[in-house]
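Report on the structure
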Amino acid sequence: MLTIYRASAGSGKTYTLAYEYIRLLLGHTDRDGRHRLNNGNRGGHRNILAITFTNKATGEMKRRIIHELALLAGCEPGWDSRSGYMEDLKRHFEATAEQIARAAREALTGLLFDFSQFQVSTIDSFFQTILRTFAREAELTGNYELTLEAAPSVSEGVARLFKSLEEDDSRNNGIILAQITRHLLNKMNEGKTSDLLNRSGKAYQTLVREISSMNDEDFATRHEGEEATAHDLTMEYLSDPTRLNRFASALMNEISALTRKAQLRATECLDAIERHGLGTGVFKANHFIKGLEKVKADPSSDSGATTTVKPAAEGVESVLNKGRTLPPEVEASVIAASEAILACRTRGKICRQLLDSTLSLSLMRHAMRYIDEVRQESNALLLDDTKTLLSRIIGDNDTPFVYERMGVWLNHFLIDEFQDTSRMQWDILRPLVEQGIAPGHDSLIIGDEKQCIYRFRNSDPTLLGSQVASDFGALDFQEKGNTPGSNTNWRSSATVVDFNNRLFEAMGPARAGEGVYGNVHQLVAAKNQSAPGYVEVERITPPQGSTMADEALPRMYDNIVRQFRAGYRPADIAILVRDGKDATQVAEYLSARQHDNHDDPRFGITSDESLRLQDSPAVKMIISALRLRSTTADDVRERRRSMREVTLLTSRFDEAKGRGLSDSDALEEAVGRRGEQAAESNNESWDLVTLVNWIIRERVPAEMACDQNAAISAFVDAVTEYSAANAPDPRSFLRWWDINGRRLYVQTPPDTMSVNLMTIHKSKGLQWACVHVPMVDWDAVSLKSDEWFPTRGLTLEGCDTADIPPYVRLRPCIEMLATPMGARYQRRVREMATDETNVIYVAFTRAVNELCVYYKMPSAPKDTTAGEFVGHALMDAYGQESVTIGSHTSPPPREEKKGTALEPTASGEMPRFKAGIRTDLWNAIELDDDPEMIDATAEPTDAIAGDD
C-alpha cells in the first residue's frame with residue numbers, strides 16, 4: 001500500500017518516518033494480510049530506501065533509527081526508559097514486548113554489521129548510485145567529477161567561441177559575427193551600450209546565464225501537448241539559422257512600424273488640438289499634451305509618456321479638466337494616439353525582449369560544442385544532467401533490470417519532504433515505487449504543500465497535491481493528515497498554534513488557494529495545552545528618513561535581552577530573515593549593540609548567511625593581490641598597463657584598510673604611492689595554493705590574520721577545492737571567483753552561547769523556543785529573472801509561424817497579458833504568491849514558546865508584498881494591524897540530555913602512554929645489499945638520520 005501523509009508543521013514527521021522504517025524493518029505482511037515479526041532476518045534493511053532532502057537530515061534519520069532500535073532491544077547504554085514506538089509496534093504486530101525486543105536486536109545487529117547497505121540518503125545521492133552503475137550506458141568514465149554550477153563551463157565555452165571568431169572565417173562564424181553586429185547596432189540605436197565581448201561585463205554574464213538555463217530541468221522536460229522536450233524543440237529549430245534571421249527581421253520591422261505609428265498618431269493629435277485651440281484649460285495640467293510632444297520628438301524613448309497618455313485610451317474624460325469635452329474629431333484623434341502609443345510601449349516592449357533573446361538563441365547552438373569540449377576536458381558532469389540521463393536510462397529499461405545492475409532489490413520507499421521533489425525526479429522514482437507496491441509492499445510519501453519553498457529548484461507541489469493520487473489511483477492507496485482530527489501540532493504552545501491557525505486560515509486561501517491550505521488548522525498536543533506562549537506582531541511605519549531596519553531591529557534586540565533575562569539561552573533563540581543581505585544587516589546591528597551596551601547579556605551569532613567570504617577584509621586583500629599578480633608588468637599594451645595600475649591601486653587600498661585606516665585615509669595613501677613600483681617576488685612558477693599561502697603570510701597583517709582566521713581558512717579551503725578540479729592558475733581562479741565568490745560563506749559551528757541567525761529557507765525542519773522575524777517587508781510577487789516561455793499562438797506580420805522559435809527566454813512582465821504568453825505569466829504570479837505565503841508559514845511555525853514579528857506595508861498599496869500579506873490577514877483574523885497575545889514566558893526546567901551510543905554526552909580520559917625508544921624493530925628485517933641496487937657507501941643525510 002502507498003500512504004501519502006500530509007504532515008503540517010510540528011506534526012511529528014520525523015517520528016513517523018522513523019517509525020515506518022522500523023515497522024518495515026521488523027516485520028512483514030503475510031498472505032492473509034496479517035502483520036508478522038521477522039524471525040532471524042538480518043537483511044531487511046537492504047530492501048528499504050529512505051530518501052531525505054538534505055545530508056543533515058540523512059544523518060539525523062540514521063541516528064534516530066539506530067537509537068530507537070537500541071531502545072526497543074534494550075541495549076542503549078544508560079537508558080532505562082522504553083521506546084515510544086513499543087506500544088504501537090505491539091499493537092501492529094500483535095506481539096509481546098519481549099518478541100519486539102528480540103526482533104529489534106536481530107535487525108540492529110544485521111544493520112550495524114552491514115552498514116553500507118543502510119540506505120538512507122538524499123535523492124541526489126541515490127541517483128548518483130544508479131548513474132555510476134550505468135556509467136557505460138551514459139557514456140561516462142567511472143571517475144567523472146560532479147559539478148553543481150553550469151556557469152563556469154559555459155563561460156569558458158562562450159569565451160572559446162568568441163576566440164574562434166578571430167581565428168576562423170568559416171560561414172558559420174560569419175553568421176555569428178553578423179548577429180553580434182546586429183545586436184550591437186540595435187543597442188546603439190536605443191542609446192545603450194553593450195559589453196558583450198568583455199568576460200566581466202554584464203551583457204556577457206547575462207549571455208552565460210541564458211545559455212546555462214538550457215540545463216534547467218523544466219527546459220529539459222516534455223510538456224503536455226509537446227512531442228519533445230523544450231530543449232530538443234529549440235535545438236531542432238536552431239539547426240536552420242536562417243529561420244532565426246527571418247524572425248529577427250520581422251521583429252525589427254514590427255518595432256519600427258509601432259514606433260512610426262505612435263509618432264504619426266501623436267503628431268496628428270497635436271495638430272488637431274492646435275486647430276481647435278484646445279490647449280490650456282482643457283487638459284489636466286497639460287500632462288497629456290506634454291506626453292504627446294515627447295512621443296513626437298522621440299518615439300523610441302518612454303520618458304514617462306506612457307503614464308500620462310495611457311488613461312486616455314480608456315476614456316478621454318480621465319485626461320480632461322472637470323466639465324470639459326472635446327469635439328468628435330479631436331476625441332477620436334486622442335483615442336487613436338493613446339492606443340498607438342500604448343501599443344508601442346506594450347507590444348513594442350515584448351518585441352524588443354524577443355529581439356534581444358535572438359542573440360543568445362543564435363549563440364546557444366554554436367556554443368554548445370565548445371561547452372561540451374570544456375566539460376570533457378575536465379571530466380565534469382552537471383548535477384542537473386544526472387536526472388536527464390537517469391530518466392532516459394530507467395525509461396528504457398524494466399525496473400528488475402535496474403535492480404539487477406545495482407545489486408539490490410528495493411521493496412519499500414520512504415520519501416521525505418515530497419513537496420520539494422521535482423517532476424523529473426518523480427518520473428525516475430515512480431516506476432521503482434510502482435514495482436515495490438505491486439506485490440503488496442508498503443511505501444510512504446510524506447510532505448506538506450504549505451512548506452514548498454524551493455520551486456526555484458524545480459520542486460513541484462502539485463505532485464503531492466494531486467499527481468501521485470492520479471498515478472496510483474488504481475492501486476492500494478491511502479491518505480493521512482488531511483483532516484483536522486489527524487493534524488496535531490506537537491511542537492508549539494497553544495498560543496502560537498492558535499495564532500497561526502487564525503492567521504493562515506485567513507491568508508492561505510486568499511493567497512495560495514483552498515487546495516494548499518485546506519488542512520492548515522491544527523490541534524494542540526495535550527502536553528502543550530497549558531504551556532505558556534507569547535505572540536507579538538507589530539506593523540512598523542518608519543518615519544521619513546528612517547528605514548524598516550532602523551525601527552524593527554531595536555525592538556527585536558530589546559525582546560532578545562528580555563528573553564535572556566527570563567532564563568533563555570542564546571541557542572534557544574533564532575532570528576529568521578528572507579535573504580543573506582538582511583542577515584548581514586542584522587548581524588552588524590547586533591554586533592554594534594553588543595559593543596555599545598556592556599551591561600547587556602553577552603552572546604555570539606551563529607550564522608552562515610551573514611559571513612560572506614567576499615566581505616572579509618582579509619579575503620579582499622588576498623583577492624586584490626591575486627589580481628595584481630594576474631596583470632603582468634611587462635605587457636606593453638596601454639589598456640593592460642592601465643588595468644595593472646588600477647589593480648595596484650586597489651591592492652594598496654585594501655592593504656591600508658587592513659592596517660586600520662579609514663576609507664579616505666586608505667585611498668589617500670594608495671593614491672600617494674601611485675608612482676611606486678609593485679614589489680616583485682620570485683614566485684612565477686608557484687601553483688595557486690602556494691601563492692595564496694605566500695600572500696597570507698607576507699601581505700596580511702598578523703592581527704588581521706588572527707581576527708579573520710575563520711574567513712581565511714574558509715578561503716584557503718575554497719582555493720584548494722578549486723585547484724583539485726580545475727587549472728590552478730590565478731586568472732582562471734579569479735574568473736571562477738567572480739561568478740561563485742558571492743555564494744561562499746564562513747561556516748560557523750553551533751554554539752549554546754550564540755543566537756541563531758539564518759534565512760527562512762535554511763530554517764525549514766528546525767525549531768526554537770523563541771523566534772524573531774524582524775523584517776517582513778520583501779516583495780512577495782517579484783519576477784526579476786528571465787524565464788523560458790512557449791510561443792505557441794504568437795504571430796508577427798510578415799513572419800511564418802515556422803520561423804518563430806518554439807521557446808524564448810524573457811523577463812516576465814505585465815505586458816505579456818496581451819500576448820499568448822499571458823497565461824503562463826498569470827500562472828507564475830500565482831505561484832510566486834503561493835511560494836511567499838509558504839515562506840511566511842515556515843517562518844511563523846518554527847516557534848515553540850514565543851513568536852515576535854515586525855512587518856511593513858508600502859505607502860502606496862500594491863498587494864504584492866509580504867507585509868501586505870500579513871497585514872491584511874491580521875485584519876481579517878483579528879480586526880487590527882498589530883496584535884499581542886499571551887504573556888512573556890520563561891523556559892521550562894531543562895532536562896539533562898542523555899547520550900546515546902552514537903552521540904555520547906560524556907567522555908572518559910584517555911589512558912596515559914609513553915613511547916619508548918626501540919632498538920630491535922629492524923632485527924628481523926633483511927636488507928638487499930646488492931651494489932647495483934643501492935650505493936652502500938652513501939652516508940645518511942641529516943634528513944634521513946633524523947634528530948634525536
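The protein chain is annotated in an unreviewed UniProt entry as DNA 3'-5' helicase of Paramuribaculum intestinale.

Okay, the overall build of the protein chain next. Assigned secondary structure in the protein chain consists of 31 helices and 21 strands. For the protein chain, the proportion of its 948 residues judged to be buried stands at 48%. Summarising the internal contacts of the protein chain: among those between residues at least 6 apart in sequence, 79% fall at separations of at least 24. For the protein chain, the accessible surface area stands at approximately 47700 Å², while carbon and sulfur atoms represent 50% of it.

Time to look at the UniProt feature "binding site: ATP" (unreviewed entry) in the protein chain. Here, the residues flagged by UniProt with the feature "binding site: ATP" (unreviewed entry) are Ala7, Ser8, Ala9, Gly10, Ser11, Gly12, Lys13 and Thr14. Relative to the assigned elements, Ala7 resides in the loop between strand 1 (2–6) and helix 1 (13–26). Beyond its immediate stretch of four places on either side in the chain, Ala7 contacts Lys13, Ile446, Gly447, Asp448 and Gln451. Mapping Lys13 onto the fold places it in helix 1.

Ranked by internal contacts, the top residues of the largest apolar core, which has 56 residues, are Val158, Phe162, Ile211, Phe247 and Leu354. It is helix 13 (residues 328–378) that provides the largest number of residues to this core, a total of 12 residues. When sequence neighbours within four positions are dropped, the list of residues in contact with Phe247 reads Tyr237, Leu354, Thr358, Leu796, Cys799, Asp803, Ile804 and Pro805. Formed by 44 residues, the second largest nonpolar core is a distinct cluster that contains Val535, Ala843, Phe844 and Ala877.

For the coordinates displayed, the defined rule picks out 45 salt bridges. A salt bridge links Arg6 to Glu479; the shortest N-O distance between them is 2.6 Å. Taken together, the residues Arg6 in strand 1 and Glu479 in strand 10 (residues 477–480) connect sequence positions 473 residues apart. Residue Glu417 is joined to Lys764 by a salt bridge in which the shortest nitrogen-to-oxygen separation is 3.1 Å. Of the two residues, Glu417 sits in the loop between strand 8 (412–415) and helix 16 (423–437) while Lys764 sits in the loop between helix 28 (760–763) and strand 17 (768–776), which places them 347 residues apart along the sequence. Taking relative accessible area as the criterion, Lys764 reaches 13% and is therefore assigned buried. Through salt bridges with shared partners, a single network forms among Arg455, Glu787, Arg827, Arg828, Glu831 and Asp835.

Across the sheet, 6 strands lie side by side as 5-4-8-9-1-10; this open sheet has parallel pairing. The outermost strands of the open sheet, each flanked by one partner alone, are strand 5 (120–122) and strand 10. Between one strand and the next, the sheet's axes are offset by a mean angle of 20°, whatever the strand orientation. Along the sheet, helix 16 contacts strand 1, strand 4 (48–52), strand 8 and strand 9 (443–447); its crossing angle with strand 8, the most-contacted strand, is approximately 140°.

Further remarks concern empty space enclosed by the protein. Taken as a whole and assessed by the stated rule, the structure comprises 4 cavities of 30 Å³ or more. The calculated volume of the second largest cavity comes to roughly 50 Å³. Taken together, Ile175, Gln179, Leu238, Pro241, Leu244, Leu361, Ser362, Arg365 and His366 make up the full set of residues lining the second largest cavity. Looking at the lining of the second largest cavity, the elements with two or more residues in it are helix 7 (171–189), helix 10 (241–275) and helix 13. In the lining of the second largest cavity, the residues fall into 5 nonpolar, 3 polar and 1 charged.

Applying the stated rule across the entire model yields 0 disulfides. Lacking any disulfide linkage, Cys351 is separated from the closest cysteine sulfur, that of Cys344, by 9.7 Å. Its relative accessible area of 3% is what places Cys351 among the buried residues.

Let's shift gears to the environment of Val776. Among the structural elements, Val776 can be located in strand 17. Measuring from C-alpha to C-alpha, the distance between Val776 and Leu576 comes to 9.9 Å, with 200 residues separating the pair along the chain. Once you skip the residues sitting within four places of it in the chain, Val776 turns out to touch Met548, Val853, Tyr854, Tyr855, Lys856, Ala866, Gly867 and Val870.

Once that is clear, we can look at the packing of aromatic side chains. The final tally for this structure, using the stated rule, is 23 aromatic pairs. For the ring pair Phe418 and Trp426, a centre distance of 5.3 Å and an interplane angle of 85° mean the geometry is edge-to-face. The structure contains a cluster of three or more aromatic residues connected by ring pairs, namely Phe715, Tyr722, Phe733, Trp736 and Trp737. Cation over ring: Lys62 sits above Phe118, and NZ or CZ is 5.7 Å from the ring centre. Lying over the aromatic face of Phe53, Lys764 brings its terminal NZ or CZ to 5.4 Å of the ring centre.

Before going further, it helps to examine helix 13. Here helix 13 spans 72 Å end to end across 51 residues, near enough to the 75 Å set by a 1.5 Å rise per residue. Of all the bends found along helix 13, the most pronounced is centred on Arg365 and spans about 40°. One or two positions beyond helix 13, positive phi appears at Asn379, with a value near 55°.

Here is what the cut-offs are and how they apply
Residues numbered from 1 in each chain as written. Predicted model: local features only at pLDDT ≥ 70, side-chain atom pairs only at ≥ 80, totals over all residues. Heavy atoms only, no water. Helix = DSSP H or I, 4+ residues; strand = E, 2+ residues; numbered from the N terminus. Buried < 20%, exposed > 50% of the residue type's maximum accessible area, 1.4 Å probe, protein only. Contact = heavy atoms within 4.5 Å. Areas by Shrake-Rupley, 256 points an atom, 1.4 Å probe, with all protein chains shown as cover. UniProt positions renumbered as here; feature names shortened; annotations may be inferred. Core = buried A, V, L, I, M, F, W, Y, C linked by side-chain atoms within 4.5 Å. Salt bridge = Lys/Arg side-chain N within 4 Å of Asp/Glu carboxyl O. Pairing = 2+ DSSP bridges. Axes fitted to C-alpha atoms, helices over the stretch in contact; angles between N-to-C directions. 1 Å grid on protein atoms, 1.4 Å probe; cavity = no way out; pocket = protein on both sides within 12 Å on 5 of 7 lines; lining within 4 Å. Points joined across faces, edges and corners; volume = space filled by probe spheres on them. Nonpolar A, V, L, I, M, F, W, Y, C, P; charged D, E, K, R; others polar. Disulfide = S-S within 2.5 Å. Phe/Tyr/Trp six-rings, centres within 6.5 Å; stacked < 30°, edge-to-face > 60°. Lys NZ or Arg CZ within 6 Å of the ring centre and 35° of its normal. Expected span 1.5 Å × (residues − 1). Bend = angle between axes of the 7 residues up to and from the residue.

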